[in-house]
Every structure is written in structure tokens, then in C-alpha cells.
Amino acid sequence: MDTTYNVRVHKIMTYRGQRKTTYIVRWAVDGARKRRPFDTYALADAFRSDLVSATRRGEAFDCATALPVAYRSGASAVTWYDFAVQFCDMQWRRTAGNSRKNTAKALMTATVALLRSEPSDFKPEDVRTALREWAFNTKRRSDAPPEVAAVLKWIERNSLSMAAWEDPAKVDDVVHALSTKLDGTASAASSVKRYRRIMNVVLEYAVKRQVLRTNPLPKGKGTAPKTSLAVDKRSLLNPEQAGALLRWVWHRPRGGRRLHAFFATIYYAGPRPEEAVALRVQDVYLPGEGDADQWGELLLHSAQPEVGKQWTDAGGVHEKRGLKGRAVEDTRPVPLRPALTKILREHVAAAGLKPDDLLFPGEKGEMLAGSVIRRAWRTARLKCLAPHEYASPLGRRVYDLRHTCLTKWLNNGVPPAQVAEWAGNSVPVLLSTYARCISGQTKDLQKRIEDEEEVRHPSADE
């Protein structure tokens, strides 16, 4: 990094705000003015004294950080790329497939922003693919093909050191890259927040390993986009719309009845899609056709999200996991209404399924693929919904069937604690997620308000 001896340290400036007083140390390094606020005068004076002592000792100042060279951490001894690979390997053994994939995407974006120059011998998309699919994949890195290895060698040579994180301008470049797509448009707020959270973990690890002194990512209000957990009410299906979609799927020539049973289970019982695909026949209690009580029960105990075989330890497309937010081997019973009991009983009989078989198998008995599920649902929406409904959020995701189910339970008066138990959520998360969708009680609440004793209006005394 460039250094300079052209340094001037000014007096401490006091700013008296409405809530507190701030003491600001001001100095200039090679003509560039710098400021650092402190909550107390003692802290500000101590920092200013350090700057003055450095100038009296004839110590050079770093132009990038505007601090004395002695303040440099060990960041310049290691490149960002090497550190990111080390972090990836450390995290690999303790994280699930989706977390590994998201970490790779965040590290890829940061690495591209911390290159010395744009690649001239490689396509930008090839650089990103090499980073995401090979460099930050502990399982595959050593097996990278020659053309990918050449890209990674170039990245290793052209990566800035960790000292780049001590340059506020470079930090801004990385933050901007994490919040934008390749075409320059803004990324989804949820994606930005996820990547910022990952990068905070990375940089806290750098502080822990004494590579950086502090985490340079900005903190406080306004530094990350706001996101909402609340379900969009427009995404919920009414019974007529749901019935039309399920009927179309049932008549689908290829695997329609199997997919109909799958979608109906999510719509009537509310499991997450990754929980539904993991169900086996023995996990479902179905009463006999002649029994007086036709209520059944699902016993959920695992989930198998589809993350890609390159991100799982076993090399499968799906990764077996426990229930979300629950202890290992924990279970969650969910009631089956008689309509769903009938659907599942007919489905099991028609497919000739055995107790150990998957309840919703693929065509060859394998795990039902997410691509098949999404394609069938997308086509059903196209065929059954009006053009303006298809373009809207109405049932856009398969997950919206779960949202519709839980909303109906709440609107029908099922206690939130019971709905949370069946859904596998905590009560606070359930209420914050579905607060905008709860309806049907407005008239009763208005009546309660109206029944309260009112203050006598002055005109009544005339």
C-alpha cells in the first residue's frame, strides 16, 4: 500500500446533538480529510494523541486507511481468495447443503469485487462458475478440470490481500456487489440480507483469527434492506381456485394422480414441500373405509430439501435433515381431514405402495424431483387461471398451498398455539407471518369496540 508523511492533526471538534454529545477527531493524510467520532472526550483525546505521537516519531501513514503504518494488521500477509477458501473449508463440515451453496454465492460475489483487474483471458461467467462451483466447494475443488484450474490460478494471482478490507472504498465496492445483480439491477432484499449475514460471519472469523482488527462491514440502521416475513395476501388461493388447480393436476396424463395427492396434502395438511416428499406410507395413519371416524394423521419426522448432489455429503440431489427448528429425531403429528384421508387411501391403493415406500415417489420409485413438481404446478396455473391471475402472486409457488392451509386454520378459529404445533413454527413467527391474512373476525371485533361505554357528547345536554 502507498504511504505518506504528509499528515496534519487538528483539534477535537465537539458536536452537541439533541440526544448526545459526540467528539470528533479530525486529521488529513496527504490532503485527504478524515474524521472519526467518539462518545467520550477521553476516547477521542487518546486516539488523537496516538496520531500526534506517530507524526512526532516520523512514522509514515497508510494512504488507504489514513492510519499509522504501525496500525496495520496481519491482513496484508494473506490474500482474500486464500482466506475465503480457508473459511469455506472450515464451514463445510458444520453446515447443510443449502448453507454451503449460499456461502459459495456470497464468497463468489465478494471475490470478483476484490480482484486487481477484470479478467481478459476468461469470460466473466466462467470466472463466477469456477468460484461458485469449484473454488468454494470443498468436495469438488481438487477435482476441478484443467480449464477451471487455470481460471482459479489466475484468480489466486490477482486477488487483493485482506488489507483491502481496511480500505473503506473497497468495502463499499463489495457491499454494492452483494446488493446488485450482474445486469446492475437491485437484488431481492432477502438475498441481500442473506449475503450480508454470511459476510458478517466471514469477517468475524477473520477478526477471531487476528487477520483483521475489526469487522469493517457497516452496522446500524439503513445498512441492510428491510425484509418482511408476512405472507402476501394476494398469494392465497380460495377453494374454487384451489379445486380447479387440483382437478387439472389429477387429469394430467403423466403422473397426474400422484402429483394431485402431493399437492392436496400440502393444501389440506400444511407440511412444507421438503417434508411432504420425505413421507413414507408408514408415516400416515389412514382409517378403514368403513370406519365411522375418517380423520387420519401424518407423522412428520424428516425433511429432504433438494440442494444438488455437489453440495451434499452423500452425493444425492436431496439432503436428509430433521424437522426445521426441532431436535434431532423429533416428530410432528398433523391431523388429516376426511377429504384428504380419502385421497391418500385411493392414491396408496392405486399405486400399490408398500409401508416402506415413499408416499409420493417419482416415476422410477426415486425421490420426487423438484423440477417435476414446479413444472406441473406452473402448467396448472397457466391452464386454470385467468391471464391477470397468472401474472399475479396468486399461488405462484407450491409453498403458497401451505400458506393457504395455515391461514384457513387461523381464520376458522383454531388456536394459534395449536396451528403453530401442526405447522412446525413458533407462535410469534406464525402470527408475524400470517397477521395480514387473518380475516373473518372484523365484525365481531367492531361490535366489541362499539359495545364499550362512550363519552357523552356535549350536544346531548342541550
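In this report, the structure presented in the accompanying data block is examined. Computed from a predicted model, the values in this text were never measured in an experiment. (Residues numbered from 1 in each chain as written. Predicted model: local features only at pLDDT ≥ 70, side-chain atom pairs only at ≥ 80, totals over all residues. Heavy atoms only, no water.)

The secondary structure content of the protein chain amounts to 17 helices and nine strands. In summary, the protein chain has a C-alpha radius of gyration of 29 Å against a globular reference of 23 Å for 462 residues, an excess of more than 25%. Seen through its principal axes, the protein chain has C-alpha atoms that stretch 95 × 90 × 45 Å. Residues counted as buried form 42% of the 462 residues belonging to the protein chain. Long-range pairs, those at least 24 residues apart, make up 64% of the contacts in the protein chain with a sequence separation of at least 6. With 74 positive and 53 negative side-chain charges, the protein chain shows a separation of 4 Å between the mean positions of the two kinds. (Helix = DSSP H or I, 4+ residues; strand = E, 2+ residues; numbered from the N terminus. Rg over C-alpha atoms; globule rule 2.2 N^0.38 Å. Buried < 20%, exposed > 50% of the residue type's maximum accessible area, 1.4 Å probe, protein only. Contact = heavy atoms within 4.5 Å. Lys, Arg positive; Asp, Glu negative; His and termini not counted. Charge placed at Lys NZ, Arg CZ, Asp CG, Glu CD.)

Attention now moves to the packing of aromatic side chains. Per the counting criterion, the structure on display carries 15 aromatic pairs. Look at Y81 and F136: their rings are 6.3 Å apart centre to centre, the planes differ by 50 degrees, and that puts the pair in the tilted class. You can see Y81 sitting in helix α2 (residues 80-92) and its partner F136 sitting in the loop between α4 (124-135) and α5 (146-158), a full 55 residues away along the chain. Residues Y81 and F136 agree in their burial class; the two are buried. In this structure, R100 packs its charged tip against the face of W92, placed 4.2 Å from the ring centre. The ring of W134 carries R140 above its face, with NZ or CZ at 3.8 Å from the centroid. (Phe/Tyr/Trp six-rings, centres within 6.5 Å; stacked < 30°, edge-to-face > 60°. Lys NZ or Arg CZ within 6 Å of the ring centre and 35° of its normal.)

Going through the model one piece at a time under the given rule, you end up with 13 salt bridges. R397 serves as the salt-bridge partner of D400, at 3.9 Å between the closest nitrogen and oxygen. By relative accessible area, which is 3% here, D400 ends up buried. We classify R397 as partly exposed; its relative accessible area is 46%. (Salt bridge = Lys/Arg side-chain N within 4 Å of Asp/Glu carboxyl O.)

A cluster of basic residues, R93, R94, K208 and R209, forms a positive patch on the protein surface. Mapped onto the fold, R93 is located in the loop between α2 and α3 (97-113). Judged by relative accessible area, R93 falls into the exposed class, the value being 63%. (Patch = residues over 30% accessible without salt bridge, like charges linked within 9 Å, V, L, I, M, F, W, Y side chains within 5 Å. Areas by Shrake-Rupley, 256 points an atom, 1.4 Å probe, with all protein chains shown as cover.)

A few words now on the packing of helix α9 (residues 256-269) against helix α11 (residues 338-351). The N-to-C vectors of α9 and α11 enclose an angle of 155 degrees; their axes lie 10 Å apart at closest approach. Taken as axis vectors, α9 and α11 run roughly antiparallel relative to one another. When you trace α9 past α11, the crossing you get is left-handed. On α11, the residues that touch R257, R258, H260, A261, A264, T265, Y268 and A269 of α9 are L340, I343, L344 and H347. (Axes fitted to C-alpha atoms, helices over the stretch in contact; angles between N-to-C directions. Parallel < 35°, antiparallel > 145°, perpendicular 65-115°, else oblique. Left-handed = near helix turned anticlockwise from the far one by under 90°.)

Here D62 shows up in strand β6 (residues 61-62). A sequence separation of 57 residues divides D62 from Y5, and the C-alpha atoms of the two residues are 9.1 Å apart.

Structurally, T109 can be placed in helix α3. At a separation of 3.0 Å, a polar atom in the side chain of T109 contacts the main-chain carbonyl oxygen of K105. When near neighbours in sequence (up to four residues on either side) are disregarded, T109 contacts A177 and L178. (Polar contact = N/O pair within 3.5 Å; in protein donor to acceptor, adjacent residues only side chain to side chain.)

Taking 1.5 Å per residue, 12 residues should reach 16 Å; helix α8 (residues 239-250) reaches 16 Å between its end C-alpha atoms and fits that length. Taken as a whole, α8 has its buried residues at Q241, A242, G243, L245, L246 and V249. Against α9, α12 (370-384) and α13 (387-390) lie the buried residues of α8. Where α8 begins, one side-chain oxygen reaches toward the backbone nitrogen of E240, 3.1 Å away; that side chain belongs to N238. (Expected span 1.5 Å × (residues − 1).)

With that out of the way, let us pick up the nonpolar core. Residues F262, F263, F360, I373, V398, L401 and L406 are the most contacted members of the largest nonpolar core, which totals 53 residues. The element that contributes the greatest number of residues to this core is α9, accounting for eight residues. Apart from residues lying up to four places away in sequence, L401 is in contact with L237, F263, I266, Y267 and W377. (Core = buried A, V, L, I, M, F, W, Y, C linked by side-chain atoms within 4.5 Å.)

Time to look at the environment of L344. Mapped onto the elements, L344 comes out in helix α11. Those residues within four positions of L344 in sequence are excluded, and the remaining contacts are A261, T265, V284, L286, L336 and F360.

Right, let's talk about the sheet that holds strand β7 (residues 284-285) for a bit. Strand order in the open sheet made by the three strands is β7-β8-β9, with antiparallel pairing throughout. Edge strands, defined here as strands with exactly one partner in the open sheet, are β7 and β9 (332-336). (Pairing = 2+ DSSP bridges.)

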